[in-house]
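If you want the building blocks of each chain, they are given just below.
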Amino acid sequence: MDRTGLSRRMVLGMGAAGFVTALPIFSIRSAWAQSQVALQLSWLHSVQFAGSYIALDRGFWSEAGLDVSLLPGGPNAPVEPPVVSGSALVGISAADYTAAAVEQGARFKILAVAMQKNPFVIASLPGNPVNVPGDLEGKRIGMALANTPVLQALSTLNDVDFDAIEIVPTQYSAQPLLSGEVDCLLCWETDLPVAMAIQGVDSVTMLMADHGYALHSQTYIATEESIANRRAELVALLRGEAQGWEAYREDTKAAAALTLEMYPDAGLDLRTQELQAERQVPLMFSELTDANGFGWWTDETVAANIETLALLGRTVTPDLWDRSILEEVHAG
Amino acid sequence: MRADADMPPDVLCDGLAKTFDGGVEAVRPLSVRFEGGHTTAVVGPSGCGKSTLLRLIAGLERPSAGRVEIGGLPPAETQRRGELAVAFQDPSLLPWRSVRGNIELALHLARRPVAAAHVEHLVRLVGLEGFADTRPAELSGGMRQRAAIARALVTEPELLLLDEPFAAVDELTRQQLAQDLPRIWEARGTTTILVTHSVNEAVMLSDRVIVLSPRPATVVADMAIDLPRPREPEMSRWPEFMASVDAVFAALSASMARNSLAIAAQ
Amino acid sequence: MTVATLAFIDKRSLRPGRGSALLGAVLLVLGWEVLARMLADAFVLAAPSEVLTAIVENRTLLMRALAVTLANGAAGFALGNLAAIALAGIALAFPRSQSIITGLALTVFCLPLVATGPILRVLFGPGPWPQIVLAALAVYYTTLVLLLVGLRATPSSWIDLMRSYGRGSFSTLVHVRAMASLPYLFAGLQIAAPAAFLGAMVGEFTGAERGMGVLTIRAMRDLDVDMTWALATVATAVAIAAYLAIGWVARRVLVADPPVILSPPRPPGWRGGGWHAPINVAVVAVAAVIAWWAALALSGLNPFFAKGPDDVFHALFLADNAGRTRAMLASAMWETAAFLLPGYLAGLLAGAGLAIVVVLFPMLAGAAMPAAIALRSVPIVTTAPLVVLILGRGAIGTIALVALMVFFPTFVACLHGLRQAPGQVLDVMDSYAAGPFQRLLRARLPAMLPAFFAAARMAVPASVLAVTVVEWLATGNGVGSLMALSASLSDYNMLWSAVVLVAALSALGYGGVGLVEARVLRIYAPEQLA
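All values reported here derive from a predicted model rather than from experimental measurement.

### Structural notes on the overall build of chain B
Helices and strands together make up the secondary structure of chain B, namely eight helices and nine strands. Taking the principal axes of the C-alpha coordinates as reference, chain B spans close to 60 × 45 × 40 Å. Restricting the contact set of chain B to residue pairs at least 6 apart, pairs at least 24 apart contribute 70%. If you sum the accessible surface of chain B, you get close to 11600 Å²; carbon and sulfur atoms cover 53% of it. Here chain B contributes 28 positively and 33 negatively charged side chains, and the mean placements of these two sets differ by 5 Å.

Structure, rendered in structure tokens:
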């Protein structure tokens, strides 16, 4: 379905975005008597969610009678409210955010884990690298102050003297590292290092997940009510996701190309998206998923998550995770 | 209801008084009858409350005591029938309307049909020929006042209230207007009340002059002007005219002197 | 492009000083180019040539994004201004309601975007409505206050004229007030146009598929400096074009020139000062709480994120961790105040100061005005990251940005005020051979005060918006960041408490400046208080 092609012509033709942006949803709704579900993404459209685009593009969902809208996120678009209020059936969150929301009284469960390894890295330049957590001592790190608990957890896990690290509050950009304001950055493996690489700057990344920071990211969450009442739809939705991400893994370049084709207005750069798609693979697929399927987790990985969450000041129990939907997906 | 709708209405002020919210007493209880079909001039020193009297008659101020009747009816009723027109000291033309537009607005507000020829005639009469489509901002102060007079006349009101209508008009034009305009309201027998501080103007235009004291206003003199109609500029050299002017002046000076003595005595 | 834009402004709106304006624009662009080349390795500044290249290379993408954001901004512009007209109508019909209407309108206007965005997204779901509503929210207040002034800007003799023909308030509205308010309405629309565009951009942060806001986030993340500046340039050009277009329409429609009003007068509730003010504040506060409670009850939003007055009260005073919540809020507010107050004061002083300099040296006006019009139209979401890039994340960057937001409206308002000094007074000064300094001190400065204070009042919400946006998008400090963080951690009690505090303090700040103003104007410009 060429949703964006339609809207682009309309925008250029009449410039009435008020109608136009509403139109694709309209056209889908009137197309089939399928069941409507929305998946709330955690950020703007990009290859970060390319598995979902493949599922949409290849009809993995429509074959299963599901009409899925992918709702983009953004800097002012928390995932939890639409999921709580039911305007999205499933949201893409992370274990720490979900734990926080549950503490505030939301009845969420984690249904599947797209990123087995947390994408947080310490990025530095080759001339002054951070290869292991111990290298952080004496360094200036650029990060949002809000992420201080993350760095504290990493220090505790690796016996690093937290007070020996100088935190420089920065916006989320590689610029402070390049201008020499800081020695390293706390960021995602898949964004700022990729941006630097595209600008021709080599960087060193130390994946925190390789140093004990176990925290499920890009997790699929739904409310207990949905799990009880809309089971079939949840299973169909996650099955499509699993199929989409398996297809993604086979050809990340094609996934990046599809992303650009489906969202030409997102201002994406093909090379950036290709590189990001490639770097995402080792975070999402492991021996565990090879053995059990996309999104899987075990009691051991949950236990490690609970330990990390405790360092972040979150008390959670294993029943935050509910694998029953995923088991149905991979059984069928 | 009024006995005869075609008769120009009398204006009756009965025990009329006005004290403003701030405590300023503008008009002290005052009773006077303005005869229908006649032109009465009200003169008095600056700030004596003569404009307030006019506004009370027009129904634009609520009296603190007493009442105003126009042909036996309250001012609001006359307003509603569009039978009253005021030419304000400030011309109060709407700046986004042309001279013609401002004059036509009065017809519209008084719920009268718009007769283009009549409007045209009035524009000529007040000496604004060629300026009908001009906006007020481009007119001189005197021209604006003449437009405001034309606006007041266009509805052919039964009661015409003029508040210093010639204040900003130059001497020559003033003489011309003083000669031309009264013919309009005299011909229709309009009851006209003219407020002015020019004694000459009062005598020249009116059948009767009422002299008010300094504030709060009370009537200190009330005299008839026995000059033939229509009035001509050269009448101002007639002895009768000069006598009337002298009498008005005398009344004015006496009231002012009394007032300053009263102040001195306090 | 930039040169062409500035030249266009000069030609259309500034008849005198055309040559110096053009020269100023050329020098500005040249300086920009040189500076950018010097800083090429720092990834902060793109040269005009690079910006131009980025615009040309991405022209179709930019056109599509612009069409979307512009359409949403236009819809919000229409909606917000219609709402303002409706509210002004109600206030006119029921004069007693006016202080409550303006007070509530101000409170809603002061609600931080960080908090309103996600709620609008949940209310309206996917599609353009959150963008449109945020654009509407960004414009309705300025239009409302200007319109209220305009509807009352009628000499009493016009009203007398209507009454002398037995016509009541409806005829007066149709024939007099509506027409008399048009210049004020147009002045309001002119201010609203860039604001609506900004609102639509911020609305896209709540999860939109396309638009200028989406591209801005993307370019920042991708370290695409050329594109970031290209987006800022296009957004600025559009905002200026909208400003000028409305000015052009106004000159076609209006008989007289629209008044240069950059900041509206105080809500009438503040006018009396004395004992009126606290009562009005209390009435508005009660009305706000009732409206808040009613809105939640009617919208049926999930209580997980839609907190009511009782929830906030509980979180702040009754809950186990109430002390901690209060302490966090206090420290965040304190941190914000440390940026806000110096920036606000610096902006006011610099604005008034430059206006004075321009009056003393009139040839500078041609060069200063285009820059002032241009920079007051720049959407803050594009400037905030840029200013922080250039000036750093320390206090200086944030303070400078707040000062910038305050500076331009103050400058233009003060300049207008300074030039309003009554001609006769200046003639009297001339007859005593008073020098320019004497004239300034004794005639012009007193004439400037009303405009200065009006600008100072309107600058309160603007500077709060600026500081919270910078904290949220760029520096990660203070209450702006606290609100964003609370939203991401689902701590909606904290978020709503912060929202209440920010809105209430902004509204009180607005009123507080109004009280100072009433005292000063009583001496220097009593006619303004009549």
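### A closer look at the overall build of chain C
A count of helices and strands for chain C gives 21 helices and zero strands. Residues counted as buried form 57% of the 530 residues belonging to chain C. Within chain C, contacts between residues separated by at least 24 positions form 77% of all contacts whose residues are at least 6 apart in sequence. Within the structure as shown, chain C displays about 21200 Å² of accessible surface, and the carbon and sulfur contribution to it stands at 71%.

### Concerning the interface of chain C and chain B
Each partner contributes residues to the interface: chain C has 15 residues there, and chain B has 27 residues. Here chain C packs against chain B, burying approximately 1900 Å² in sum over the two surfaces, 62% of which is carbon and sulfur. Where chain C touches chain B, the interface holds one salt bridge. For the salt bridge of Arg55 of chain B with Asp160 of chain C, the shortest nitrogen-to-oxygen distance reads 2.5 Å. Counting across the chain C and chain B interface gives eight residue pairs in polar contact (both at pLDDT 80 or more). Elements supplying a minimum of two residues to the side of chain C that touches chain B: helix 8 (156–164) and helix 9 (169–204) of chain C. With seven residues, the top contributor of residues to the side of chain C that touches chain B is helix 8 of chain C.

### Thoughts on the UniProt feature "domain: ABC transmembrane type-1" (unreviewed entry) in chain C
As recorded in UniProt, the sites labelled "domain: ABC transmembrane type-1" (unreviewed entry) are residues 62–250 and 333–517 of chain C. Segment residues 62–250 of chain C splits into 85% helix and 0% strand. End C-alpha atoms: 29 Å apart.

### Here's the deal with the interface of chain C and chain A
Listed by partner, the interface residues are 52 residues for chain C and 62 residues for chain A. Carbon and sulfur atoms make up 61% of the surface buried where chain C meets chain A, a total of about 4900 Å² over both sides. For the salt bridge of Arg64 of chain C with Asp265 of chain A, the shortest nitrogen-to-oxygen distance reads 2.3 Å. At the boundary of chain C with chain A, the tally comes to seven residue pairs in polar contact (both at pLDDT 80 or more). Of all the elements in the fold, those that place two or more residues in the side of chain C that touches chain A are helix 4 (59–93), helix 6 (113–124), helix 10 (212–221), helix 16 (380–391), helix 19 (436–475), helix 20 (478–488) and helix 21 (492–524) of chain C.

### Structural notes on unusual backbone geometry
All names here are of chain A. Notably, Gln218 is not glycine yet its phi reads approximately 45°, a positive angle. In this structure, Gln218 sits in strand 10 (residues 217–223). The buried category is assigned to Gln218, whose relative accessible area is 2%.

### What about the nonpolar core?
Membership of the largest hydrophobic core comes to 214 residues, with the highest contact counts inside it found for Ile122, Tyr220, Tyr248 and Trp321 of chain A. Take this core: its biggest share by element is 15 residues, from helix 19 of chain C. Aside from chain neighbours lying at most four places away, what touches Ile122 of chain A is Val130, Leu136, Ile141, Leu151, Leu154, Cys184, Leu185, Leu186, Val204, Thr205, Met206 and Met208 of chain A. Listed in part, the 88 residues of the second largest apolar core include Leu56, Leu60, Leu128 and Val154 of chain B.

### Considering the sheet that holds strand 5 (residues 120–124) of chain A
Residues and elements named next belong to chain A. In spatial order, the strands read 7-6-8-5-9; together these five strands make up an open sheet with mixed pairing. Every other strand in the sheet has two partners, leaving strand 7 (166–169) and strand 9 (204–207) as the edge strands with one partner each. Averaged over neighbouring strand pairs, the angle between their axes works out to 30° when direction is ignored. Pairing analysis gives two bridges linking strand 6 (residues 140–143) to strand 8 (residues 184–188), with the strands arranged parallel. The residue bridging Ile141 from the neighbouring strand is Cys184, located in strand 8.

### Here we look at the confidence of the model for chain C
Residues and elements named next belong to chain C. Model confidence for chain C is summarised by a mean pLDDT of 80, while 84% of its residues fall at 70 or above. Mean pLDDT across the secondary structure elements of chain C bottoms out at helix 1 (residues 2–13), with 31, and peaks at helix 4, with 94. This stretch, residues 1–17, has a pLDDT under 50; its non-local contacts, to residues over four places away or in other chains, come to 30 contacts. Every residue in residues 258–275 is under pLDDT 50, and counting partners more than four places away or in other chains gives 54 contacts. Per the prediction output, this complex has pTM 0.82; the corresponding ipTM is 0.84.

### As for the domain arrangement of chain B
All names here are of chain B. Entries for chain B in the domain assignment read domain 1 (1–83 + 160–266) and domain 2 (85–156). Contacts between the two partners involve 24 residues from domain 1 and, on the opposite side, 19 residues from domain 2. Taken together, the two surfaces of domain 1 and domain 2 that pack against each other cover about 1700 Å², and 62% of this comes from carbon and sulfur. Considering only the surface of domain 1 that becomes buried against domain 2, Leu160, Ile184 and Arg188 emerge as the three largest contributors, covering 22% of it. Here domain 1 is connected to domain 2 by zero salt bridges. If you look at where domain 1 meets domain 2, you find eight residue pairs in polar contact (both at pLDDT 80 or more). Residue assignment for the side of domain 1 that touches domain 2 shows that the elements contributing at least two residues are strand 6 (159–163) and helix 6 (171–188). Looking at the side of domain 1 that touches domain 2, the element that brings in the most residues is helix 6, giving seven residues. For the side of domain 1 that touches domain 2, a count of residues per class yields 14 nonpolar, three polar and seven charged.

### Thoughts on the sheet that holds strand 4 (residues 108–115) of chain A
Residues and elements named next belong to chain A. Strand order in this open sheet of five strands is 2-1-3-10-4, and the pairing throughout is mixed. At either end of the open sheet lies a strand with only one pairing partner, and these are strand 2 (66–71) and strand 4. Within the sheet, the average angular offset between the axes of one strand and its neighbour, ignoring direction, is 25°. As paired strands, strand 1 (residues 35–40) and strand 2 are joined by six bridges and run parallel to one another. Across the sheet, the residue bridging to Ala38 is Ser69, located in strand 2. Along the sheet, helix 6 (residues 95–103) contacts strand 3 (90–93), strand 4 and strand 10; its crossing angle with strand 4, the most-contacted strand, is approximately 175°.

### Some points on the environment of Ala196 of chain C
With respect to the element layout, Ala196 of chain C can be found in helix 9. Residues contacting Ala196 of chain C, with those up to four places away along its chain left out, are Gly73, Phe77, Ala135 and Val139 of chain C.

### Some words on helix 16 (residues 324–331) of chain A
Residues and elements named next belong to chain A. Every buried residue of helix 16 is accounted for by Ile325, Leu326 and Val329. Relative to the axis of helix 16, the buried residues are bounded by an arc of 95° and lie together on one face. Buried residues belonging to helix 16 abut strand 4, helix 10 (224–229) and helix 11 (231–250).

### A short note on a nonpolar patch on the surface
Residue and element names in this part refer to chain C. A surface patch of nonpolar side chains, amounting to about 500 Å² of accessible area, comprises Leu354, Val357, Leu360, Phe361, Met363 and Leu364. Note that Val357 resides in helix 14 (residues 322–360). Using a relative accessible area of 33% as the deciding quantity, one classes Val357 as partly exposed.

### Describing the packing of aromatic side chains
Residues and elements named next belong to chain C. For the coordinates displayed, the defined rule picks out 18 aromatic pairs over all chains. Ring geometry for Trp292 versus Trp496: centroids 5.9 Å apart, planes at 5°, classification stacked. Note that Trp292 is positioned in helix 12 (residues 276–299) and Trp496 in helix 21, a separation of 204 residues in sequence. Between the aromatic rings of Phe313 and Phe317, the centroid separation amounts to 5.0 Å while the plane-to-plane angle is 45°, which identifies the pairing as tilted.

### Some points on the pairing of strand 4 of chain A
Residues and elements named next belong to chain A. With eight of eight residues buried, strand 4 lies mostly within the body of the structure. Sheet topology places strand 4 next to strand 10; six bridges connect them, and they run antiparallel. Across the sheet, Ile110 pairs through a bridge with Ile221, a residue of strand 10.

What counts and how
Every chain begins its residue count from 1, and numbering advances along the sequence as written. Whichever chain is written first becomes A and whichever ligand is written first becomes 1, with later ones labelled in order. Given that the model is predicted, a residue must reach a pLDDT of at least 70 before its local features are reported, and side-chain atom pairs must reach 80 or more before they are shown or counted; all residues, however, enter totals for whole chains, interfaces and linings. The side-chain numbers reported here are obtained from all heavy atoms of the structure, hydrogens and water having been left aside. Secondary structure counts use DSSP, requiring at least four H or I residues in a row for a helix and at least two E residues in a row for a strand, with both numbered from the N terminus. In what follows, residue pairs with any heavy atoms lying within 4.5 Å of each other are defined as contacts. For accessible areas, the Shrake-Rupley method is used with a probe of radius 1.4 Å. Any residue's cover is judged against the shown protein chains and nothing else. A positive count includes Lys and Arg, and a negative count includes Asp and Glu. His and the chain ends are not counted in either. Throughout, a charge is located at the NZ atom of Lys, the CZ atom of Arg, the CG atom of Asp or the CD atom of Glu. Only protein chains enter the calculation, and the probe is 1.4 Å; a residue is then buried if its accessible area is under 20% of its type maximum, exposed if over 50%, and partly exposed in between. Simply put, the buried area is the total loss of 1.4 Å probe accessible area from both parts when two parts are fitted together. The working definition used for a salt bridge is a side-chain nitrogen of Lys or Arg within 4 Å of a carboxyl oxygen of Asp or Glu. Throughout this description, a polar contact denotes any pair of N or O atoms lying within 3.5 Å of each other; where both atoms belong to protein, one of them has to be capable of donating a hydrogen while the other can accept it, and for residues adjacent in sequence the pair is counted only when both atoms sit in side chains. UniProt positions are given in the numbering used here, feature names are shortened, and annotations may be inferred rather than shown by experiment. Side-chain atoms within 4.5 Å are what join buried Ala, Val, Leu, Ile, Met, Phe, Trp, Tyr and Cys residues into a set we call a nonpolar core. Note on pairing: two strands pair once DSSP finds at least 2 bridges between them. Comment: axis = line fitted to C-alpha atoms, over the contacting stretch for helices; angle = value between 0 and 180 degrees taken between N-to-C directions. A residue's pLDDT is the predictor's confidence in that residue, given on a scale from 0 to 100. Residue ranges assigned to each domain were obtained from an automatic or database domain assignment. Charged residues are taken to be Asp, Glu, Lys and Arg, nonpolar residues to be Ala, Val, Leu, Ile, Met, Phe, Trp, Tyr, Cys and Pro, and polar residues to be all remaining types, Gly included. Picture the helix axis, draw a direction to every C-beta atom, and the arc is the one those directions span. The patches reported here contain residues having more than 30% relative accessible area and no salt bridge. Joining distances are 9 Å for like charges and 5 Å for nonpolar side chains (Val, Leu, Ile, Met, Phe, Trp, Tyr). Stacked, tilted and edge-to-face pairs are distinguished by plane angle, under 30 degrees for stacked and over 60 for edge-to-face with tilted covering the rest, among Phe, Tyr and Trp rings (Trp via its six-membered ring) whose centres lie within 6.5 Å.

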